[in-house]
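Fold and contact review
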Amino acid sequence: MFNPDINDYQLTSIIAECCGGVAVVYSALYKPNNQNVAIKRYFVDKSNEKANLIQQDILTRKELQHANILSYLTSFVHGKELYVVSPLMNLGSCRDILDRYFQEGLPELACAIILRDVLLALQYLHKQLYVHRSVRASHVLVDTNGTVKLSGLRSAASMMVRGKRQRQLHSLPPPDHDNANLMWLSPELLEQNLKGYDEKSDIYSLGVLCCELANGAVPFADVPTTLMFTEKVRGSRPQLLDCSSFPEPLDDGEMKSMYNTDSGVGDSADGVCRLRQVYATRKLTDTFHHVSELALQRDPERRPSTTQLLAHPFFKQIRKTDFLPSLIGRVKPIKPDADDISALLLQEKLSEMEIEKQTEWDF
């Protein structure tokens, strides 16, 4: 049990800004049991729409309990600032790992382990009648114990409305600060027609995640929003890049157009050349290609369920002795920074403030 008492926490360093600058994540030490945690500090007004989304995220995380879903530990409020405590995933998000250490994509076995654990989280969510609606590498967190957890539940939607189960949903998930989430969303969700969408929308997003993890780049990143929407509706989809799918003669601009994906290295000629060489000389398994293609089917009825995907031969390559941190050994864990001025100043401020006992935030 974690106490909502700020004096029990020692901030150690800033990890990242997120949510379009609305929040900052700090690593911290929970002193009563000497456990490392993450504290997300939100700057919001209680009447603000973002406050409702944050509240929804916390309420959903309190309701859902699964080994592969980021858990909620406690929270406290001071003025217009909300502090939410979660377990510290000290290898960061998969997006951080790709950007800093694996621009060319993760090893296939690492992809398999991560995707399996994300599928287990989605399987649980779907059984609880939730659609996640924001499956992406930045919402997949990893720690040095090899644990993989899915976050981003502020975008989740329940299939239960006023006590009645809905067959389809029709609303768009809440927009993020730059509408980036659109790149992972399914065609039927983006279409916003009377047919609506269901949990199979998450399977499409998982297919995009397959390409993101394997290629290192975000599919559709350099495609204008309207063109991306048109291409998805027409059935165009990203691919895993290897010697069987990667065209040697094309330049980087043509590559982006053909595969709806960015090389991930900007305009650096050396970087483009290096990635082209990596893609053109590696061979991903046929089962990996098959999983990606199944998940990215244009027709949601043709996509497999989470249970069907978990039984796919692609995941049979995982052995009990396989350890994710060993497969991505170049990744360095988040460590406390004694010189982090931001954390030190905030700690000083927190030590002086009184946590509100009564609040309109109803968790």
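Here goes a summary of the coordinates provided. Quick caveat: nothing in here was measured; it's all calculated off a predicted structure.

Calculation criteria
- Residues numbered from 1 in each chain as written.
- Predicted model: local features only at pLDDT ≥ 70, side-chain atom pairs only at ≥ 80, totals over all residues.
- Heavy atoms only, no water.
- Helix = DSSP H or I, 4+ residues; strand = E, 2+ residues; numbered from the N terminus.
- Buried < 20%, exposed > 50% of the residue type's maximum accessible area, 1.4 Å probe, protein only.
- Contact = heavy atoms within 4.5 Å.
- 1 Å grid on protein atoms, 1.4 Å probe; cavity = no way out; pocket = protein on both sides within 12 Å on 5 of 7 lines; lining within 4 Å.
- Points joined across faces, edges and corners; volume = space filled by probe spheres on them.
- Nonpolar A, V, L, I, M, F, W, Y, C, P; charged D, E, K, R; others polar.
- Polar contact = N/O pair within 3.5 Å; in protein donor to acceptor, adjacent residues only side chain to side chain.

1. Concerning the environment of Ala110
The topology assignment puts Ala110 in helix 3 (residues 108-127). Under the relative-accessibility criterion, Ala110 is labelled buried at 0%. Remark: the alpha-carbon pair of Ala110 and Leu327, spanning 217 residues in sequence, is separated by 6.1 Å. If sequence neighbours within four positions are ignored, Ala110 has contacts with Leu324, Leu327 and Ile328.

2. Examining the layout of surface pockets
The space that makes up the largest pocket amounts to roughly 1,100 Å³. Around the largest pocket sit 44 residues that line it, and Cys18, Lys40, Ser138, His139 and Ser151 are the ones nearest its centre. Elements represented by at least two residues in the lining of the largest pocket include exactly strand 1 (9-18), strand 3 (35-43), helix 1 (49-63), strand 5 (81-87), strand 6 (92-93) and helix 2 (94-100). Taken together, the residues that form the lining of the largest pocket break down as 21 nonpolar, 13 polar and ten charged. Each pocket or cavity is described by its volume, and for the second largest pocket that value is around 420 Å³.

3. A look at the environment of Thr285
Secondary-structure assignment places Thr285 in the loop between helix 8 (269-281) and helix 9 (286-295). Residue Thr285 is classed as partly exposed on the basis of its relative accessible area, which comes to 33%. Sequence-wise, Thr285 and Phe314 are 29 residues apart; in three dimensions their C-alpha atoms are separated by 8.2 Å. Residues contacting Thr285, with those up to four places away along its chain left out, are Glu108 and Phe314. Within the structure, the side chain of Thr285 is placed 3.1 Å from the side chain of Thr287, a separation counted as a polar contact.

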